[in-house]
Amino acid sequence: MIRGKITTNKSQYGYQRQKEREPRSCIRYKCGLINTIADVLRQRPGWTEVKDDGEWDFYWCDVGWLRENFDHIYMEEHVRICHFRNHYELTRKNFMVKNLKRFRKQLERESGRLEAAKCDFFPKTFELPSEYHLFVEEFRRNPGITWIMKPDGSRTDEQRDEIPVENYVAQRYIENPYLIGGRKFDLRVYVLVTSVRYFLESHINFLL
């Protein structure tokens, strides 16, 4: 994790600029939670807790604090945090569809339509109300098609007291799905991703 570098500019968000320094044997960490995680970190050999605005190598924080403080700042390659930045680009249905469409267009520009056609693994999808007219046009072009409406999950704590806006993702429904024992089913594959290097995060719009 440590690569023999140090900052010339002190910042609570990690390193801003680097210069060569003596190799360091400890890992400096901060923890924004008071729970078992904090206890575990304190007991790890070679790990030193940083207080206040001290420089750190690893930060354990919750998702809300991460979005507020880390989503739009530069972080050096060696710095680590416990969540993937901009994770909602995949976890929110409307953002996931937006990024899949963007990726398909990028493939078409760079590699041609044949390569972009490999992205047709997700059904025709529209975000409502912003793409309402496109949805109506597709709906009229293919009468009798079944569509499923999904809330896009975009309401935040700040919006709870406001007049609700019905935001949905409209997706063409699979009319003849594969069944097991006459019933629909989900196949969920869980993958442990241990790290995403920052320079990759800064060049893609969605995280894998």
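Here is what the cut-offs are and how they apply
- Residues numbered from 1 in each chain as written.
- Predicted model: local features only at pLDDT ≥ 70, side-chain atom pairs only at ≥ 80, totals over all residues.
- Heavy atoms only, no water.
- UniProt positions renumbered as here; feature names shortened; annotations may be inferred.
- Core = buried A, V, L, I, M, F, W, Y, C linked by side-chain atoms within 4.5 Å.
- Buried < 20%, exposed > 50% of the residue type's maximum accessible area, 1.4 Å probe, protein only.
- Contact = heavy atoms within 4.5 Å.
- Pairing = 2+ DSSP bridges.
- Helix = DSSP H or I, 4+ residues; strand = E, 2+ residues; numbered from the N terminus.
- Phe/Tyr/Trp six-rings, centres within 6.5 Å; stacked < 30°, edge-to-face > 60°.
- Lys NZ or Arg CZ within 6 Å of the ring centre and 35° of its normal.

Per an unreviewed UniProt entry, the protein chain is named Tubulin--tyrosine ligase-like protein 9, and its organism is Engystomops pustulosus. UniProt lists a comment for the protein chain under the heading Sequence similarities (unreviewed entry), and it reads "Belongs to the tubulin--tyrosine ligase family."

**Student:** Where do I start with the nonpolar core in this structure?
**Tutor:** Side chains that are nonpolar tend, in soluble globular proteins, to be buried together. One finds Val50, Trp56, Tyr59, Cys61, Leu66, Phe70, Met75, Val79 and Ile81 forming the largest nonpolar core, which totals nine residues. For Cys61, the residues in contact, after removing those within four places along its chain, are Leu66, Phe70, Cys82 and His83. Counting seven residues, the second largest nonpolar core, distinct from the first, contains Cys31, Leu41, Trp47 and Phe58.

**Student:** Would you mind showing me how to read the sheet that holds strand β3 (residues 27-31) here?
**Tutor:** Strand pairing in a sheet is mediated by backbone hydrogen bonds. Such pairs are either parallel or antiparallel. Here four strands make up an open sheet; going across it, the order is β4-β3-β5-β6 and the pairing parallel. Pairing within the sheet leaves two strands with one partner each, and these edge strands are β4 (47-49) and β6 (80-81). Two elements, strand β5 (residues 58-60) and β6, share two bridges in a ladder whose sense is parallel. Considered in β6, the bridge of Phe58 is made with Arg80.

**Student:** Help me out: how do you make sense of unusual backbone geometry in this one?
**Tutor:** The phi angle of most residues is negative, glycine excepted, and most peptide bonds adopt the trans form. Here Leu128 and Pro129 are connected by a cis peptide whose omega angle stands at 10°. Its place among the elements puts Pro129 in the loop between β7 (125-128) and α6 (132-141).

**Student:** What is the right way to read the packing of aromatic side chains from this model?
**Tutor:** We describe a pair of aromatic rings using the distance from one ring centre to the other and the angle between the two ring planes. Enumeration according to the criterion identifies 12 aromatic pairs in this entry. Ring geometry for Tyr29 against Trp47: centres 6.0 Å apart, planes inclined by 50°, an arrangement best described as tilted. Of this pair, Tyr29 sits in strand β3 while Trp47 sits in strand β4; the two residues are 18 residues apart in sequence, bridging distant segments of the chain. Trp47 sits in the buried class, given a relative accessible area of 17%. Relative to Phe122, the ring of Phe121 has its centre 5.5 Å away and its plane inclined at 70°; by these criteria the two rings are edge-to-face. Connected via pairs of aromatic rings, a cluster forms that spans Tyr29, Trp47, Phe58 and Trp60. Between Arg92 and the ring centre of Phe95, over which it is positioned, the NZ or CZ distance is 4.0 Å. One Lys or Arg, Lys101, reaches over the ring of Phe126 and ends 5.4 Å from the middle of that ring.

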